[in-house]
Amino acid sequence: MLKKIIIPLLILPFIVSCNRDNEFSNGSSDYSHTRPVGASANNLLSNERYNSLLIEVQYMPGYAPDSQAIEHLKNFLSTFLRKDGGITIIQREIPGTSSPSLSAEDIRQIENTNRTVFTNGSTLAVSILYTNGQYTNNNTLGIAYRNTSVALFGKTIRENSGGFGQTSRTKLEATVLEHELGHLMGLVDLGSPMQTNHKDSSNGNHCNNQNCLMYYTSETTDILGLLTTGNIPQLDNNCKADLKANGGK
């Protein structure tokens, strides 16, 4: 069943794929969706070339997105993206996988098979995948692995949220969604140049501020303790400055 939400204005180890997969069909679009993470940062942030955004959320049976987490994501995007033509979010169930453990290559192949929305005209397209399997590193909650693609590991998120003594599913899922979209938006030092050096060199393309959304723990189970007693992390001033300098609000 297709759910459509239109709004007038408006997410662990980080994976980069430089491969152009021949079997990955872009339909009539000549826009490459198999570039490295962050390569489409300016296209996402600014209104110059693409003034609207279409997000396809694909989920496996039993792992539909938390509706409140999607609302949080909308608010996050509306805060930082310039998209005068609006943002559309569609949700679609896809077949589950029989494998309990998924690699980055497995995720790419699932997207290759199931993605139906691609950049066309003045509309940029992004894919969000919810899986029924865990990542090969089982404390990973989400990955950004292409310039317009992220995946959330539904099984790991469900097992670590929503129960007695656990953080809420909304808070955990929203944190991971926003963190991974932050990578697509070029954070940290991935396509949105740093205005001030704030990269955590020991943890890849992440912020060195432990209270920032882009701190590395936001995509792993290390974030659980903070979310149990606290709120969804926010971008710090350094990350906000990077986005604004690259065409965002």
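Residues numbered from 1 in each chain as written. Predicted model: local features only at pLDDT ≥ 70, side-chain atom pairs only at ≥ 80, totals over all residues. Heavy atoms only, no water.

(A) Looking closely at the overall build of the chain. Along the chain, the regular secondary structure elements total seven helices and eight strands. For the chain, the computed accessible surface area is about 10,100 Å², with 44% contributed by carbon and sulfur atoms. (Helix = DSSP H or I, 4+ residues; strand = E, 2+ residues; numbered from the N terminus. Areas by Shrake-Rupley, 256 points an atom, 1.4 Å probe, with all protein chains shown as cover.)

(B) Just unusual backbone geometry, in detail. That bond from Leu 187 to Val 188 is cis: its omega, -5°, falls within 30 degrees of zero. With respect to the helices and strands, the residue Val 188 is situated in the loop between α5 (169-184) and α6 (224-229). Here the phi dihedral of Asp 189 falls at roughly 60°; this positive angle occurs in a residue that is not glycine. Looking at where Asp 189 falls in the secondary structure, it is placed in the loop between α5 and α6.

(C) A look at the environment of Met 214. Turning to its location among the elements, Met 214 is positioned in the loop between α5 and α6. Overall, Met 214 belongs to the buried group, its relative accessible area being 0%. The residues contacting Met 214, other than those within four sequence positions of it, are His 179, Gly 182, His 183, Leu 187, Val 188, His 206, Cys 207, Leu 235 and Cys 239. (Buried < 20%, exposed > 50% of the residue type's maximum accessible area, 1.4 Å probe, protein only. Contact = heavy atoms within 4.5 Å.)

(D) Quick look at helix α2 (residues 67-80). Between its terminal C-alpha atoms α2 stretches 21 Å, which fits the 20 Å expected from 14 residues at 1.5 Å a residue. Within the sequence span of α2, burial applies to Ala 69, Ile 70, Leu 73, Lys 74, Phe 76, Leu 77 and Phe 80. With its buried residues spanning 165° around the axis, α2 presents them on a single face. Opposite the buried face of α2, by more than 90 degrees, sit the exposed residues Ser 67 and Gln 68. (Expected span 1.5 Å × (residues − 1). Arc of directions from axis to C-beta.)

(E) Summary view of the side chain of Thr 156. Inspection of the secondary structure assignment puts Thr 156 in helix α4 (residues 154-159). For Thr 156, a relative accessible area of 1% corresponds to the buried category. Once residues within four sequence positions are removed from consideration, Thr 156 is found in contact with Gln 134, Asn 138, Thr 140, Leu 141 and Thr 221.

(F) Spotlight on α5. Over its 16 residues, α5 runs 23 Å from end to end, which matches the ideal 22 Å to within 8%, given 1.5 Å per residue. Of all 16 residues that make up α5, 15 are buried, and the element is covered over most of its length. One or two positions beyond α5, positive phi appears at Gly 186, with a value near 100°.

(G) Up close: empty space enclosed by the protein. Of the voids in this model, the largest cavity is the one considered here, and its volume is about 30 Å³. In this structure, the largest cavity is lined by Tyr 63, Ala 64, Tyr 130, Gly 154, Ile 157, Arg 158 and Glu 173. (1 Å grid on protein atoms, 1.4 Å probe; cavity = no way out; pocket = protein on both sides within 12 Å on 5 of 7 lines; lining within 4 Å. Points joined across faces, edges and corners; volume = space filled by probe spheres on them.)

(H) The pairing of strand β7 (residues 142-146), seen in detail. Of all the five residues making up β7, five are buried; the element is thus mostly covered by neighbouring parts of the structure. Here β7 pairs with strand β8 (residues 149-153) via four bridges, running antiparallel. Paired with Arg 146 across the strands is Ser 149, a residue of β8. From the end of β7 to the start of β8, which pair antiparallel, there are two residues. (Pairing = 2+ DSSP bridges.)

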